[in-house]
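Geometric and topological summary
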Amino acid sequence: MLATKQNLQVDELNFGQIGPKFEHHDMFPARTNTEFVQVYSRSDLKMRVWERGAGATLACGTGACATVVAAVLEGHANRNCRVDLPGGGPLEIEWREEDNHVYMTGPAEVVFYGSVAL
């Protein structure tokens, strides 16, 4: 879902209500991840993600890469963008025309430690 800043504020979305509707839609029999994107400019995007089986998550690098490619193909963004995420960002995403590869640069951060008794 791509939209401009004027008509979509990703932080105001009710993810608990909207996310499952995409994840479990008949169009996606194996379920799907969904990225919700707010376009600030042709080089600055904000993304929230709903991941199948997990719900709302703080970040998704592959989703950020796919978001930039979709935004470029739809005429909303340049091939080099900053993508802001609630966690793990911002990410710099570049879709290089020379080799058609997508490159992601950004921090890797630990967000959880845990243990499980087996």
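Preceding block: the structure.
Here the residue numbers are simple positions, counted from 1 along each chain's written sequence. Whole-chain, interface and lining totals are the exception, using all residues; otherwise, since this is a predicted model, local features are given only for residues with pLDDT of at least 70 and side-chain atom pairs are given and counted only at 80 or more. Computation of side-chain values: all heavy atoms of the structure, hydrogens and water removed.

All right, on to the overall build of the protein chain then. From N to C terminus, the protein chain includes 2 helices and 7 strands. When the elements of the protein chain are put in sequence order from the N terminus, they spell out β-α-β-β-β-α-β-β-β. What the globule rule says is 2.2 Å times the number of residues to the power 0.38, and the radius of gyration is computed from C-alpha atoms. Its C-alpha atoms give the protein chain a radius of gyration of 15 Å, within 12% of the compact-globule value 13 Å for 118 residues. By principal-axis analysis of the C-alpha atoms, the protein chain measures approximately 50 × 30 × 25 Å. Scored against the burial criterion, the 118 residues of the protein chain give a buried share of 33%. By element, 52% of the accessible surface of the protein chain is carried by carbon and sulfur atoms, the whole surface being about 7500 Å². Here a helix means four or more residues in a row that DSSP labels H or I, a strand means two or more in a row labelled E, and each is numbered from the N terminus. Buried means the residue's accessible area, taken with a 1.4 Å probe over protein chains only, is under 20% of the maximum for its type, while exposed means over 50%, and partly exposed covers the values in between. Where accessible areas are quoted, they stem from the Shrake-Rupley method and a 1.4 Å probe; at the residue level, only the protein chains shown are allowed to cover.

Another aspect to go through is the side chain of Glu-51. Mapped onto the elements, Glu-51 comes out in strand E3 (residues 44-51). Residues counted as positive are Lys and Arg, residues counted as negative are Asp and Glu, and His and the chain ends are not counted. Salt bridges, as used here, are contacts in which a Lys or Arg side-chain nitrogen is within 4 Å of a carboxyl oxygen on Asp or Glu. Here Glu-51 is buried and forms no salt bridge, its nearest opposite-charge partner Arg-52 lying at an N-O distance of 7.7 Å. N or O atoms closer than or at 3.5 Å make up a polar contact, with two conditions inside protein: a donor-capable atom paired with an acceptor-capable one, and, for residues adjacent in sequence, both atoms drawn from side chains. Of the polar contacts made by the side chain of Glu-51, one reaches the side chain of Thr-57; its length is 3.0 Å. Whether two residues touch is decided by their heavy atoms; if any such pair falls within 4.5 Å, the residues are in contact. What Glu-51 contacts, discounting residues up to four positions off in sequence, is Glu-23, Asn-33, Thr-57, Ala-59 and Cys-60.

What follows concerns the side chain of Thr-57. By the secondary structure assignment, Thr-57 is in strand E4 (residues 55-57). Not counting residues within four places of it along the chain, the set of residues in contact with Thr-57 comprises Val-49 and Glu-51.

Turning our eyes to something else, we now look at the pairing of strand E7 (residues 102-105). In the sheet, strand E6 (residues 91-95) pairs with E7 via 4 bridges, with the strands oriented antiparallel. Following the sheet pairing, Glu-92 is matched in E7 by Thr-105. Whether two strands pair comes down to DSSP finding at least two bridges between them.

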